[in-house]
Amino acid sequence: MRPRRTESALVGREGELARLIEMAEAPATGAVLLTGPAGVGKSRLAEGVLISLTDRGWRGVGLSATDSASRVPYSSLSELIPETLDSLDGEGGELRVQRAVESSLGLAQPEPVAIVIDDVAAMDPQSCSVLVHLATNRRVFIIATQGIDESLPEALRRLTPAAVVETKIEPLDVTGTAELAADLVGGPVGPGLVRDLYSRSLGNPLFVTELVNAARAEGLIEERDGVHETSGVVTISPSLGRQIVFRFGVLDQSERTALELLALAGELSADMFAEVVQTTHMESIESRGLVRRWADRQRLRMAVSHPLQAEAIVADMTPLEIRRRWGELAELIGTSPGRRDEDSVLHGLATIGSGRALGSRELLDAAYVALRLDRIRDAAGLAEAAYESEPNETNLTGYAEALIRQGRFVEAEELLAGPMVASTSEWDQLHRAIRRSSNHLWGFQDAREAWRIDEECLGRLTDPDARDRVVAHQAWIEYCDGRPTDA
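Throughout what follows, the structure given in this document is the object of discussion. On a predicted model such as this, the values are computed, not experimentally measured, just so you know.

Moving on to the overall build of the protein. Secondary structure summary: the protein contains 23 helices and ten strands in total. In terms of overall dimensions, the protein has a C-alpha envelope of 100 × 55 × 40 Å along the principal axes. Nonlocal contacts in the protein, meaning residues at least 24 apart in sequence, comprise 70% of its contacts between residues at least 6 apart.

Glancing now at unusual backbone geometry. Trans is the common state for peptide bonds, and a negative phi is the common state for residues other than glycine. Backbone geometry places Asp374, a non-glycine residue, at a positive phi of 65 degrees. Of note, Asp374 is situated in the loop between helix H17 (360–372) and helix H18 (376–389). Here Asp374 falls in the partly exposed class, since its relative accessible area comes to 47%. A positive phi angle is found at Gln445, which is not glycine, with a value near 50 degrees.

Inspection of every chain in the model, using the stated rule, returns four aromatic pairs. Where Trp58 meets Phe141, the ring centres are 6.5 Å apart and the plane angle is 75 degrees; that geometry is what we call edge-to-face. Of this pair, Trp58 sits in the loop between helix H2 (42–55) and strand E2 (59–64) while Phe141 sits in strand E4 (residues 141–147), and the two are 83 residues apart along the sequence. Between Trp476 and Tyr479, the ring centres sit 5.7 Å apart and the planes meet at 20 degrees, which makes this aromatic pair stacked. You can see Trp476 and its partner Tyr479 sitting in helix H23 (residues 464–480), three residues apart, about one turn around the helix. By relative accessible area, which is 41% here, Trp476 ends up partly exposed.

Turning to empty space enclosed by the protein, a few remarks are in order. Under the criterion given, the structure shown has two cavities of 30 Å³ or more. Estimated volume of the largest cavity: approximately 60 Å³. Around the largest cavity sit Glu267, Leu268, Ser269, Met272, Arg299, Arg301, Glu342, Asp343, Leu346 and Arg375, which together line it. Of all the secondary structure elements, the ones that give two or more residues to the lining of the largest cavity are strand E8 (268–269) and helix H16 (343–353).

A word on the packing of H17 against H18. It is at 8 Å that the axes of H17 and H18 come closest, and there the two elements cross at 160 degrees. When the axes of H17 and H18 are compared, the pair comes out roughly antiparallel. Handedness of the H17/H18 crossing: left-handed. Along the contact surface, H17 presents Ser360, Leu363, Leu364, Ala366, Ala367, Ala370 and Leu371, while H18 presents Ile376, Asp378, Ala379, Leu382, Ala383, Ala385, Ala386 and Ser389. Residues that form the contact of H17 with H18 fall into these classes: twelve nonpolar, two polar and one charged.

Turning our eyes to something else, we now look at helix H5 (residues 125–136). With twelve residues, H5 should reach 16 Å at 1.5 Å per residue; the first-to-last C-alpha distance of 16 Å fits that figure. Looking at H5, one finds that the buried residues are Ser127, Cys128, Val130, Leu131, Val132, Leu134 and Ala135. Taken from the residues just after H5, Arg138 is the one with a positive phi, measuring 60 degrees.

For the rest of this paragraph, the subject is the sheet that holds strand E10 (residues 300–304). Spatially, E8-E10-E9 is the arrangement adopted by the three strands of the open sheet, whose pairing is antiparallel. Only two strands of the sheet have a single neighbouring strand rather than two, namely E8 and strand E9 (291–295). The pairing of E8 with E10 spans two bridges and is antiparallel. Counted as the bridge partner of Leu268 is Met302 from E10. Lying on the sheet, helix H11 (residues 253–265) is in contact with E8, E9 and E10; it crosses E10 at an angle near 100 degrees.

Take Ile221: it is sitting in strand E6 (residues 221–224). Spatially, the C-alpha atom of Ile221 lies 8.6 Å from that of Leu193, the residues being 28 residues apart in sequence. Not counting chain neighbours up to four residues away, the residues in contact with Ile221 comprise Val185, Leu193, Val212, Ala215, Arg216, His228, Glu229 and Thr230.

To continue, consider the nonpolar core. Ile244, Leu268, Phe273, Leu329 and Leu346 are the most contacted members of the largest nonpolar core, which totals 78 residues. Top element by residues in this core is H18. It accounts for eight residues. If near-sequence neighbours (up to four positions away) are discounted, Phe273 is found in contact with Ala258, Leu262, Leu268, Met282, Ile285 and Met302. Judged by nonpolar contacts, the second largest core, of 29 residues, contains Leu33, Val97, Leu105 and Val130.

Definitions and limits used
Residues numbered from 1 in each chain as written. Predicted model: local features only at pLDDT ≥ 70, side-chain atom pairs only at ≥ 80, totals over all residues. Heavy atoms only, no water. Helix = DSSP H or I, 4+ residues; strand = E, 2+ residues; numbered from the N terminus. Contact = heavy atoms within 4.5 Å. Buried < 20%, exposed > 50% of the residue type's maximum accessible area, 1.4 Å probe, protein only. Phe/Tyr/Trp six-rings, centres within 6.5 Å; stacked < 30°, edge-to-face > 60°. 1 Å grid on protein atoms, 1.4 Å probe; cavity = no way out; pocket = protein on both sides within 12 Å on 5 of 7 lines; lining within 4 Å. Points joined across faces, edges and corners; volume = space filled by probe spheres on them. Axes fitted to C-alpha atoms, helices over the stretch in contact; angles between N-to-C directions. Parallel < 35°, antiparallel > 145°, perpendicular 65-115°, else oblique. Left-handed = near helix turned anticlockwise from the far one by under 90°. Nonpolar A, V, L, I, M, F, W, Y, C, P; charged D, E, K, R; others polar. Expected span 1.5 Å × (residues − 1). Pairing = 2+ DSSP bridges. Core = buried A, V, L, I, M, F, W, Y, C linked by side-chain atoms within 4.5 Å.

Here it is as structure tokens:
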């Protein structure tokens, strides 16, 4: 039974694929267990191994276990031996099943046989025992997938350690994320799009795919000189949000409130979090892998485990709930003793989120703190609020810098290419020009346009110090472009 070939390429998984094929061809290995978080690509990789082995002359079978059938004996083998399962009454039923499976798989033939079991933890014990028996005697090679928080069936645990190899499938790295995105859009992707995808997906192939598809559906990916970039904020799709929230399982109201506060805040100190959430609820959501904690300069901090989990939680909230939670956070940060500089980020976010007023200077200062902490999305939100509150040149260039750091180069260009805002200062012109030219240099990899912007600014300046600053920046552009000068 030859597996169905899918169109999705195993982008970024070439190394794992080669290693798994080598295991299959090694006589000492009877099974390989692929583990990892949901969406990391375990099933896709297992299918890729099966396809590669059939291309090498193997015969392959794909089986899928389900929770609903896990208590029905031999239900996972129903696709292989339907007629045998219809007549299991009487003695010797187990032996008849085994013989029927061997016949269905064609084990009397010389070709080796590979079996993929998707979600092996849900397989009924009887089916698992039959297949493990065949793998133990090296008559089949099993490629099984399993989530990281699931337990193995007893039969598979009994397979000798030397015969089963567990392989944890890690998320893609930045390069793999870029390769997958390029495969999805059909061409090279720019650094801004890659940064946004990786920072939010952390290399999870399912999340990368969903974000790219959502961006394309909203028309937010545009091609510029053959490179694809985003031209706006890519929001999480409702379908992906529902998938993520569904995997949280059943939450009581207190647990949900705790996750909502963390999702909005981005991160909180454990002490501050304990002021609004009971210890038992903190322990409950942490034990289920929904939050993570780490030490930061003798201070424990907490956050939702994955960036897209936080986005899914917020997307599942009503506007009224969001406003109320932001109000709770604003009161919490306002009464917290021993505030650090980074607490200004949360204070700014909570103030604007709850609909209260905050000066544009405070918002911009908080945005620069967020940039220093590499909380780029928060920085962009704070800087945007500062610019909307008071659209002067200082706030415009601060907002543009946050957009550039976030990889939103197209939006930064639209902002910086507009008319000057209520200012005629040469230094305002200088700061805007340098940011715009840097955006072209790094964001669009266009050194020629970056040079042109600086040259145009230089023609308007009379202050010697300002002119020297632009000339120095032009020398830097030439250096980055591989054209070092005496300057």
